[in-house]
Amino acid sequence: MSGKESRKKTAEHLRHQKFQKEMVPYMEMLYNYAYYLSNDREQANDLLQDTFLKAYRFSDSFESGTNAKAWLYRIMKNTYINEYRRTHRLPEIVEFDEQ
């Protein structure tokens with residue numbers, strides 16, 4: 001393994017540790033909020049997963065020392081709103097039988 005690869009792995013490991021330390025403790029509270037928004041366990045789990053996926057993907061843009069809980073709640077709320085708009089924008093599918 002070259003020095004560049006080693007530094008990249010170390011940086012990714014540090015990013016993962018930081019995410020675990022700052023974001024994961026809010027998982028239970030966020031699940032409760034997801035359930036409040038969706039009123040469905042499966043949708044709440046999907047929303048929680050989408051939220052943490054986005055949070056991890058964009059964790060470089062999160063400033064350490066700021067309010068991680070508020071950041072995660074905002075991601076979840078925006079994700080829920082976008083999904084709600086997407087599903088309600090689609091036309092209703094109507095099936096009919098030709099006779």
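Please refer to the structure higher up on the page.
Residues numbered from 1 in each chain as written. Predicted model: local features only at pLDDT ≥ 70, side-chain atom pairs only at ≥ 80, totals over all residues. Heavy atoms only, no water.

## Remarks on the nonpolar core
Step number 1: In terms of nonpolar packing, the biggest core is built from 16 residues, with Met23, Leu30, Phe52, Leu72 and Met76 touching the most fellow members.
Step number 2: Every element with two or more residues in this core is listed here: α2 (27–38), α3 (41–57) and α4 (68–89).
Step number 3: Element by element, the count of residues in this core is highest for α3, at five residues.
Step number 4: Ignoring any residue separated from it by four or fewer positions in sequence, one finds Met76 in contact with Leu30, Tyr33, Ala34, Leu37, Leu47, Leu48 and Thr51. (Core = buried A, V, L, I, M, F, W, Y, C linked by side-chain atoms within 4.5 Å. Buried < 20%, exposed > 50% of the residue type's maximum accessible area, 1.4 Å probe, protein only. Helix = DSSP H or I, 4+ residues; strand = E, 2+ residues; numbered from the N terminus. Contact = heavy atoms within 4.5 Å.)

## Some remarks on the packing of aromatic side chains
Step number 1: Summed over the entire model, instances satisfying the criterion amount to seven aromatic pairs.
Step number 2: Relative to Tyr56, the ring of Phe19 has its centre 5.0 Å away and its plane inclined at 90 degrees; by these criteria the two rings are edge-to-face. Taken together, the positions of Phe19 in helix α1 (residues 3–22) and Tyr56 in helix α3 put the pair 37 residues apart, joining distant regions of the chain.
Step number 3: Residue classification places Phe19 among the buried positions, given a relative accessible area of 8%.
Step number 4: Both rings, one in Phe62 and one in Trp71, keep their centres 5.0 Å apart while their planes meet at 45 degrees; by these two values the pair is tilted.
Step number 5: One aromatic cluster is present, built from ring pairs that chain together Phe19, Phe52 and Tyr56. (Phe/Tyr/Trp six-rings, centres within 6.5 Å; stacked < 30°, edge-to-face > 60°.)

## A look at the packing of α2 against α4
Step number 1: Close contact between α2 and α4 brings their axes to 11 Å; oriented N to C, the two are set at 25 degrees. Viewed along their axes, α2 and α4 adopt a mutual orientation that is roughly parallel. The hand of the α2/α4 crossing is right-handed. Between α2 and α4, the contacting residues are Met29, Leu30, Tyr33, Ala34, Leu37 and Ser38 on the first element and Lys69, Leu72, Tyr73, Met76, Lys77 and Tyr80 on the second.
Step number 2: Residue classes in the contact of α2 with α4 are distributed as nine nonpolar, one polar and two charged. (Axes fitted to C-alpha atoms, helices over the stretch in contact; angles between N-to-C directions. Parallel < 35°, antiparallel > 145°, perpendicular 65-115°, else oblique. Left-handed = near helix turned anticlockwise from the far one by under 90°. Nonpolar A, V, L, I, M, F, W, Y, C, P; charged D, E, K, R; others polar.)

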